[in-house]
Amino acid sequence: MTTLLVLIVVVLLAVALWQLTKIFDLTQVGKNVNNTQVANDNDNNINGYLMFAFLCFIYLTTIWCLVYYGHFPLIGDSASAHGPEIDNLMVISMVLIFVVQTITQALLHYFAFKYRGREGQTALYFSDSNRLEFIWSIIPAIVLAVLILYGLYAWTNIMFVDEKEHKDAIVIELYAQQFKWEARYSGADDVLGKANVRYIEGVNNLGVDLSDPNAQDDFTSSELHIPKGTRIIFKMRSQDVLHSAYMPHFRAQMNCVPGMVTNFSFIPTLTTAEMREKPAMVEKVANINDIRAKKSQALIAKGEPALEPYTFDYLLLCNKICGASHYNMQMKVVVDTPEEYAAWLKENAPKTIVQAVKNAAAEAKAAETPAQMKDTSSTKSKDTTVVAQAEVK
Amino acid sequence: MSAEAHNHDHGHDEHEHHHKDTFITKYIFSIDHKMIAKQYLLTGIVMGVIGVGMSMLFRMQIAWPEESFKLFSFFLGERMAPGGVMTNETYLSLVTIHGTIMVFFVLTAALSGTFSNLLIPLQIGARDMASGLLNMISYWLFFVSSVIMVCSLFVESGPASAGWTIYPPLSALPQAIGGSGTGMTLWLVSMAVFIAASLLGSLNYIVTVINLRTKGMSMTRLPLTIWAFFITAIIGVISFPVLLSAALMLIMDRSFGTSFFLSDIYIAGEVLHYQGGSPVLFEHLFWFLGHPEVYIVLLPALGITSEIIATNSRKPIFGYRAMIMSIIAIAFLSTIVWGHHMFISGMNPFLGSVFTFTTLLIAIPSAVKAFNYITTLWKGNLQLNPAMLFSIGLVSTFITGGLTGIILGDSTLDINVHDTYFVVAHFHLVMGISALYGMFAGIYHWYPKMFGRMLNKNLGYIHFWVTATCAYGVFFPMHFIGMAGLPRRYYTNTNFPLFDDLQNVNVIITTFALVGGAFQLVFLYNFFSSIFYGKRTVQNPWRSNTLEWTAPIEHMHGNWPGEIPHVYRWPYDYSKPGHDEDFVPQTVPMKPGEEQLHH
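Scope of this entry: the structure provided in the associated data block. From a predicted model like this one, the values you see are computed outputs, not experimental measurements.

1. Notes on the pattern of salt bridges
All names here are of chain A.
- Scanning the entire structure with this criterion turns up 23 salt bridges over all chains.
- A salt bridge links Glu163 to Lys235; the nearest nitrogen and oxygen atoms lie 2.6 Å apart. Of this pair, Glu163 sits in the loop between α4 (130–159) and β1 (170–177) while Lys235 sits in strand β5 (residues 232–238), and the two are 72 residues apart along the sequence.
- Judged by its relative accessible area of 36%, Glu163 is partly exposed.
- The exposure class of Lys235 is buried, given its relative accessible area of 16%.
- Where Lys332 meets Glu223, a salt bridge forms, and the shortest distance between an N and an O atom there is 4.0 Å. One end of the pair, Lys332, is in strand β10 (residues 330–336); the other, Glu223, is in the loop between β3 (219–221) and β4 (224–227), and 109 residues separate them in sequence.
- We classify Lys332 as partly exposed; its relative accessible area is 34%.
- For Glu223, a relative accessible area of 29% translates into the label partly exposed.
- Here the residues in one salt-bridge network are Glu173, Arg184, Asp218 and Arg237, joined through shared partners.

Now the structure itself:
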């Protein structure tokens, strides 16, 4: 029924439009018949004013967006040491863009309004000016040179991190697969053990080479814990397709590419608790909770469970299309104080991968002994491991 | 030159006496450039309706996630939208095919195909393209590739859904996503055929512009449309073969077990045999086409705009030579900036520095073009026809969208906005909407040349103003949700309470999109009804200088009866002092003592 009504409305609208154009056509009777569909003074006038109105529309949209959405952009309150540098450059670029946008749109639409065609008006025959061309080549060139230099300076600082210089840095592996993240910590020796997908077997789901001495103390976590104030060097791997490790609050992002290890490094500067207390964040969370409360009311009315209230947490999101559930590939990131981090380490470091593999083997043996049979699938994966080891060599 | 042109003439006259058109040779397997242009346009409109329609559907999913719509079950069927709820794989495939169709089939093939074919011979004073046969083959290959692409929507495992950039391994492994099975195979076959079509077309355009210009039509008397089509064809010939090679290598990886792009993959519980390849290599090859592609889409639109703005301002285009230089500069730079799509792909950060540098340089010729357009309007006598409105609209979106390129082209800033909605807003404005405006402007301006009738101007005005308002309404707020860190290609954002405050913006965006999309029906109605019922046109309705308006309204093989016109001046002598009319066609000889610009 609704569909029918909508259809009728659409048809009526179309008819109304058609009649409207008929009226326009009738006003043209008696004029140069062959040229009725070419703009005349009346059209130029109406559309000239509309051009001016459109300029206002652009400005109003801009102002409206700045007022209502101005708090969205991730500028300020960055949680990493290099963040303010990116934010500064962003602000400079945005200001520049707004200035140029305001001026050029004004000129464009104002000229379209001011010089709208009139019978008897003559255009100026003005085809060239080397001086003007020079001015608007050289000004952008200078402005861009400044932006490029600033940008490259920041880029070099962020991306070129010499690992040998940062002996105290913590090395963490971010491991991506459809559709979850895992973090591997290097343990007491601060060196990640070798790994390859060909070693993946059972609980060793990151493919760590168990024979590597450096791998003996490696452990994994499904929550990323990092301490405030220490440089973190991320080594990123993916086991299946491209993923992208995006941590917006740290102004950090790097793709995870199967077959290679990619790097990104930053120093966290705000713990999760500190970030939650930032005024902008408090306001944002309150706003989100308002929205969620309203949604919950609607849900309860429908007899569904209400939404949980939201508290802020740093997130690691996947930001490269990676398959059907790409939209829900996330990991919680927790920035601890050094003390909290030490406590967390103490609790989690003993749960090493090697230990987990041993435990799993013992369990499997206990379960298998009565049957005295080998599981076919485990034979198969063992074979692959052997082949893979040969290939890797 | 003149001798050649003359020979061509002669051959054609004879040809015409013996040749009788049947329905098939006139309307289907035509070798006449004007008919082929119309074929391109009609195919492009059909593909455009499919592409835009898809965007309406997935915008509804983003605004009202996982809700049930009858519209979904109607268009997508039970398999893709069970119970009227769009599935996540369907969402990704719609996004993928929308991008593919709009970028390649509408804005590359239909835009260049229509206007290069229509205008190159007519504006340079040639009887037809250098090779009518190749031209026909080019169109039919394009048609075949369109059919294959549309067919891929109906395969059981779903159409390609790895994004229009089809990065492997996602696009290479059917285990990774359903669409990477038969759907992806058809996608690759379709694109391979498409590239062949595009190359044949481009070679033909280049040869025609170089060899078949009429007497007096020196390179610096060419209209800027022709310059734009010419340079576009050159970058097409340089970059499309690279995509073809990437597509072939991907086919090899998928079907014949090679490892060009794949290495160390564990998926669905098993280790695959691939070793030693790199997805980053694919990204390089893809973007070596992909970035020039942006300008393959945009330059023809800018060329069309240059011509329309000059004609309707009744003024010479400002800085003709600077415009040519900037087209060439943009084309050259476009081939050495592809890495700005890959700042965080894992390639060496040093390359990031290089690509930042070259990328930001493109802003200079772009700024020159924008300022030249604005100066052309200054002190003009603007005839605000629908084509002119779309041209001004193009300059507006080109500026708005181009400026945010300063942020994305800067590797440092790209770290945090890469693959967010900021990128979506940027490229839709600067290349999607701008090129679409260019195409609309071209259609409104040259419709009389194509069909001998005029489009209804009032429907044109309604079409423009609603489209322009909705385009800003959609893409302006989108920058803000992008800067808030919202990633693109998410089926729904409900799993991130962090983004809950962005949801009402998405509803606003979708509302504008739906209204804007619906008003394209006004254009479609205008287009198709005017073919039969439009007002008959006069020979030169816009009082333009270029040669196509000296040809008779009725189409004929060979374009001009009798001799082809000779050219005595550049195409932009509008409102030149010392002439009675405010336009002086290129065929009018110089008066004694008249100052000659750009000889």
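2. Some words on the environment of Thr358(B)
Residues and elements named next belong to chain B.
- Here Thr358 is to be found in helix α11 (residues 349–361).
- Thr358 gets classed as buried once you look at its relative accessible area, which sits at 9%.
- Sequence separation between Thr358 and Thr335 is 23 residues, and the spatial gap between their C-alpha atoms is 9.9 Å.
- Apart from residues lying up to four places away in sequence, Thr358 is in contact with Leu333, Ile336 and Val337.
- Looking at Thr358, its side chain comes within polar contact range of the main-chain oxygen of Phe355, at 3.2 Å.

3. Description of the sheet that holds β10(A)
Residues and elements named next belong to chain A.
- On the basis of which strands lie adjacent, the open sheet formed by 5 strands has the order β4-β10-β9-β6-β7 and mixed pairing. The sheet is open, and its two borders are formed by β4 and β7 (252–256), each paired with just one other strand. For this sheet the average axis-to-axis angle between neighbouring strands, irrespective of direction, equals 20 degrees.
- Bridging between strand β9 (residues 314–318) and β10 involves 4 bridges; their strand directions are antiparallel. Note on β10: the bridge partner recorded for Tyr314 is Val333.
- Together, β4 and β10 form the strand contacts of helix α7 (residues 338–348), whose direction differs from that of β4 by roughly 135 degrees.

4. Brief notes about the environment of Gly99(B)
Residue and element names in this part refer to chain B.
- Tracing the backbone shows Gly99 in helix α5 (residues 88–124).
- Classification of Gly99 by relative accessible area gives buried; the value is 11%.
- Along the primary structure Gly99 and Thr165 are separated by 66 residues, whereas in three dimensions their C-alpha atoms are 8.7 Å apart.
- Setting aside anything within four residues of it in sequence, one finds Gly99 in contact with Phe104 and Trp164.

5. Here we look at the nonpolar core
- Membership of the largest hydrophobic core comes to 283 residues, with the highest contact counts inside it found for Leu174(A), Leu224(A), Phe104(B) and Phe115(B).
- Core analysis: the next-biggest nonpolar cluster, separate from the first, contains 9 residues, Tyr175(A), Val197(A), Ile200(A) and Leu206(A) among them.

6. Some thoughts on the pairing of strand β6 (residues 243–247) of chain A
All names here are of chain A.
- Burial within β6 is extensive, with 5 of its 5 residues counted as buried.
- Of the two faces of β6, the one carrying His243, Ala245 and Met247 and the one carrying Ser244 and Tyr246 are both buried.
- Taken together, the 5 bridges between β6 and β7 define a ladder with antiparallel strand orientation. Bridging from a neighbouring strand, Ser244 pairs with Asn255 of β7.
- Connecting the antiparallel pair β6 and β7 is a turn made up of 4 residues, with Arg251 showing a positive phi of about 55 degrees.
- Relative to β9, β6 runs antiparallel, the two sharing 2 bridges. Looking at β9, one finds that Ala245 is bridged to Cys318.

7. Considerations on the interface of chain B and chain A
- Taken residue by residue, the interface counts 137 residues in chain B and 123 residues in chain A.
- Interface of chain B and chain A: buried area, both sides summed, is about 11800 Å²; carbon and sulfur atoms make up 68% of it.
- At the junction of chain B with chain A, the criterion picks out 6 salt bridges.
- For Asp43(A), the salt bridge identified is with Lys457(B), shortest N-O distance 2.5 Å.
- Counting every contact that joins chain B to chain A gives 42 residue pairs in polar contact (both at pLDDT 80 or more).
- Partitioning the side of chain B that touches chain A into residue classes produces 82 nonpolar, 37 polar and 18 charged.

8. Some remarks on the packing of helix α3 (residues 33–63) of chain B against helix α17 (residues 503–533) of chain B
Residue and element names in this part refer to chain B.
- Taken N-terminus to C-terminus, the directions of α3 and α17 make an angle of 155 degrees; their axes are 9 Å apart at the nearest point. Judged on the interaxial angle alone, α17 and α3 are roughly antiparallel. In this structure, α3 meets α17 at a crossing whose hand is left-handed. Between α3 and α17, the contacting residues are Leu41, Leu42, Ile45, Val49, Met56, Arg59, Met60, Ile62 and Ala63 on the first element and Gln503, Asn506, Val507, Ile509, Thr510, Ala513, Leu514, Gly517, Leu524, Phe527 and Phe528 on the second.
- When grouped by side-chain class, the residues that make up the contact of α3 with α17 number 15 nonpolar, 4 polar and 1 charged.

9. Comments concerning the state of the cysteines
Residue and element names in this part refer to chain A.
- In the structure shown here, the tally under the stated rule is 0 disulfides over all chains.
- Left without a disulfide partner, Cys256 is nearest to the cysteine sulfur of Cys318, which lies 7.6 Å away.
- When its relative accessible area of 0% is taken as the criterion, Cys256 is described as buried.
- Distance from the sulfur of Cys318, which forms no disulfide, to the nearest cysteine sulfur (Cys322) is 3.8 Å.

10. So, the packing of helix α9 (residues 279–313) of chain B against helix α13 (residues 386–408) of chain B
Residue and element names in this part refer to chain B.
- Their axes nearest at 9 Å, the elements α9 and α13 cross at an angle of 130 degrees. By the angle between their directions, the pair α9 and α13 is classed as oblique. As α9 runs across α13, the sense of the crossing is left-handed. Contacts from Leu298, Ala301, Leu302, Thr305, Ile308, Ile309, Asn312 and Ser313 of α9 reach α13 at Ala387, Met388, Ser391, Leu394, Val395 and Phe398.
- Here the contact of α9 with α13 is built from residues that sort into 10 nonpolar, 4 polar and no charged.

Reading guide: rules and limits
Residues numbered from 1 in each chain as written. Chains lettered and ligands numbered in written order. Predicted model: local features only at pLDDT ≥ 70, side-chain atom pairs only at ≥ 80, totals over all residues. Heavy atoms only, no water. Salt bridge = Lys/Arg side-chain N within 4 Å of Asp/Glu carboxyl O. Helix = DSSP H or I, 4+ residues; strand = E, 2+ residues; numbered from the N terminus. Buried < 20%, exposed > 50% of the residue type's maximum accessible area, 1.4 Å probe, protein only. Contact = heavy atoms within 4.5 Å. Polar contact = N/O pair within 3.5 Å; in protein donor to acceptor, adjacent residues only side chain to side chain. Pairing = 2+ DSSP bridges. Axes fitted to C-alpha atoms, helices over the stretch in contact; angles between N-to-C directions. Core = buried A, V, L, I, M, F, W, Y, C linked by side-chain atoms within 4.5 Å. Buried area = accessible area lost by both parts, 1.4 Å probe. Nonpolar A, V, L, I, M, F, W, Y, C, P; charged D, E, K, R; others polar. Parallel < 35°, antiparallel > 145°, perpendicular 65-115°, else oblique. Left-handed = near helix turned anticlockwise from the far one by under 90°. Disulfide = S-S within 2.5 Å.

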